[in-house]
Amino acid sequence: NEQIAKRREQLLEERLERKKQKQVRKSDESDISDEDEDDEDDNIELLLAEEFAEEEEELEEEDEDEHDATDRLQTEIGEKFEADEEKIESVKLSEGSAIQPVQDLHKRIYSVLHRKYIYFFSNKQTRDKFIANPFKYLSQSKPKPVVPFKIAVLGPPKSGKSTVARRLANEYGLQRISAGEAVRTVLVTQKKTFLALQINKHLKKGLTVPDELVVQCIEVLLMDILCNTRGYVLDGYPVTRRQVELLEARNIIPFKIIELQVDLREILKRGILSRKSPYR
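Residues numbered from 1 in each chain as written. Predicted model: local features only at pLDDT ≥ 70, side-chain atom pairs only at ≥ 80, totals over all residues. Heavy atoms only, no water.

Taken from UniProt, the Sequence similarities (unreviewed entry) comment for the protein chain reads in full: "Belongs to the adenylate kinase family." (UniProt positions renumbered as here; feature names shortened; annotations may be inferred.)

Dropping the structure here:
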């Protein structure tokens with residue numbers, strides 16, 4: 001646009017110069033008519049269009065080539081990411097990790113451009129390890145298909161079961177399930193079901209909810225798509241042998257059991273602090 005503007009100014013100056021020369025030669029005649037000026041304006045625009053037409057065509061061709069190259073690269077990157085997004089990170093796989101890192105829109109993801117592909121990592125440490133030796137991680141055998149992970153966190157009261165369960169759920173994108181939350185979810189979302197009516201019958205009598213009904217509530221929550229794709233964490237359940245048998249009868253069997261052990265004095269100390277807490 002700047003070049004066109006400069007060229008237009010040059011042509012206008014040339015036109016004025018020609019006009020002055022004509023006025024000198026034809027001093028006894030009338031001035032140039034408006035029609036002549038209009039024709040000269042048209043001629044200027046035609047000259048500009050002819051001069052800069054070739055440059056515009058070249059720029060368009062360059063833009064098309066650039067867009068084509070970008071589209072090809074995005075296609076290759078997209079295919080690579082689509083193929084690998086459901087797999088475990090290559091660095092964590094080599095270190096023995098069996099849990100797929102969670103893909104969260106609000107969680108920062110670190111990326112590396114290696115050759116013509118982009119590789120994504122959940123933290124800076126694994127990315128730096130990959131940069132140091134990409135061949136080590138790319139040459140390893142492919143991981144086995146990822147299956148839903150099933151964990152149970154057990155331990156005495158005030159041992160930090162819920163804290164550990166929440167941390168596992170947040171870190172690996174698992175569903176945290178506790179007995180109390182399972183019962184409350186059924187009562188809120190499925191008020192008119194037979195299961196909810198049976199639970200309400202016991203609660204109205206001031207009784208605790210039987211283990212059979214609690215396990216059924218847990219089974220309802222396990223139907224969630226997150227539990228079937230990524231897995232779940234049972235928070236503080238089961239506690240008794242009867243509860244274990246009920247879970248086993250419904251094929252709810254955690255693959256990993258984490259038992260927390262805390263000194264009795266520490267448990268009592270935490271209990272006293274909890275009773276004094278204003279948020280209790």
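Here the narrative resumes.
A. Fine view of the overall build of the protein chain. A tally of regular secondary structure across the protein chain gives 12 helices and six strands. Pairs at least 24 residues apart make up 65% of the contacts formed inside the protein chain by residues separated by at least 6 positions. Counting only carbon and sulfur atoms, one obtains 51% of the accessible surface of the protein chain, whose full area is about 20300 Å². (Helix = DSSP H or I, 4+ residues; strand = E, 2+ residues; numbered from the N terminus. Contact = heavy atoms within 4.5 Å. Areas by Shrake-Rupley, 256 points an atom, 1.4 Å probe, with all protein chains shown as cover.)

B. Up close: the confidence of the model for the protein chain. Overall, the prediction assigns the protein chain a mean pLDDT of 76, with 66% of residues at 70 or greater. Here residues 30–38 scores under 50 on pLDDT; set against residues more than four positions off or in separate chains, the count is six contacts. For residues 69–87, every residue scores under 50 in pLDDT, and the model assigns this stretch 15 contacts once sequence neighbours within four places are set aside. (pLDDT = per-residue confidence, 0-100.)

C. A look at the packing of helix H7 (residues 179–189) against helix H9 (residues 211–221). Contact pair H7 / H9: the axes reach a minimum separation of 8 Å and the direction vectors enclose 75°. For the element pair H7 / H9, the angle class is roughly perpendicular. Residues Ala179, Ala182, Val183, Thr185 and Val186 of H7 form the contact with H9, whose own contacting residues are Val214, Cys217, Ile218, Val220 and Leu221. Of the residues assigned to the contact of H7 with H9, the class counts are nine nonpolar, one polar and no charged. (Axes fitted to C-alpha atoms, helices over the stretch in contact; angles between N-to-C directions. Parallel < 35°, antiparallel > 145°, perpendicular 65-115°, else oblique. Nonpolar A, V, L, I, M, F, W, Y, C, P; charged D, E, K, R; others polar.)

D. Up close: the pairing of strand E2 (residues 117–121). As defined by bridge partners, strand E1 (residues 110–114) adjoins E2 across five bridges and the pair is classed as antiparallel. Residue pairing across strands places Leu113 opposite Ile118, the latter belonging to E2. (Pairing = 2+ DSSP bridges.)

E. Quick peek at the packing of aromatic side chains. Under the definition given, this model contains three aromatic pairs. Look at Phe121 and Phe130: their rings are 5.0 Å apart centre to centre, the planes differ by 45°, and that puts the pair in the tilted class. Given the relative accessible area of 0%, Phe130 is considered buried. Taken together, a centroid distance of 6.5 Å and an interplanar angle of 25° make the contact between Phe130 and Tyr137 stacked. In this structure, Phe130 and Tyr137 share a single accessibility class: buried. Among the aromatic side chains, those forming a connected cluster through ring pairs are Tyr119, Phe121, Phe130 and Tyr137. (Phe/Tyr/Trp six-rings, centres within 6.5 Å; stacked < 30°, edge-to-face > 60°. Buried < 20%, exposed > 50% of the residue type's maximum accessible area, 1.4 Å probe, protein only.)

F. Representation of the packing of helix H8 (residues 194–204) against H9. In the contact formed by H8 and H9, the axes pass within 11 Å of each other and the chain directions differ by 140°. The hand of the H8/H9 crossing is left-handed. Contacts between H8 and H9 involve Leu195, Gln198, Ile199 and His202 on the former and, on the latter, Leu213, Gln216, Cys217 and Val220. Of the residues assigned to the contact of H8 with H9, the class counts are five nonpolar, three polar and no charged. (Left-handed = near helix turned anticlockwise from the far one by under 90°.)

G. Layout of the nonpolar core. Ile177, Ile199 and Ile218 are the most contacted members of the largest nonpolar core, which totals 24 residues. At the level of elements, H7, H8, H9, strand E5 (231–235) and helix H11 (241–249) are the ones that each hand at least two residues to this core. Broken down by element, the residue count for this core peaks at six residues, all from H9. The residues contacting Ile177, other than those within four sequence positions of it, are Ile218, Leu221, Leu222, Cys227, Tyr232, Val233, Leu234 and Asp235. (Core = buried A, V, L, I, M, F, W, Y, C linked by side-chain atoms within 4.5 Å.)

H. Up close: the sheet that holds strand E4 (residues 175–178). Overall, parallel pairing links the four strands, which are arranged E4-E5-E3-E6 in an open sheet. Strands with a single pairing partner mark the edges of an open sheet, and in this sheet they are E4 and strand E6 (256–259). Each strand of the sheet is rotated relative to its neighbour by a mean of 20°, with strand direction disregarded. With five bridges connecting them, strand E3 (residues 149–154) and E5 associate as parallel partners. Residue pairing across strands places Phe149 opposite Gly231, the latter belonging to E5. Along the sheet face, helix H6 (residues 161–172) touches E3, E4, E5 and E6 and points at about 160° away from the line of E3.

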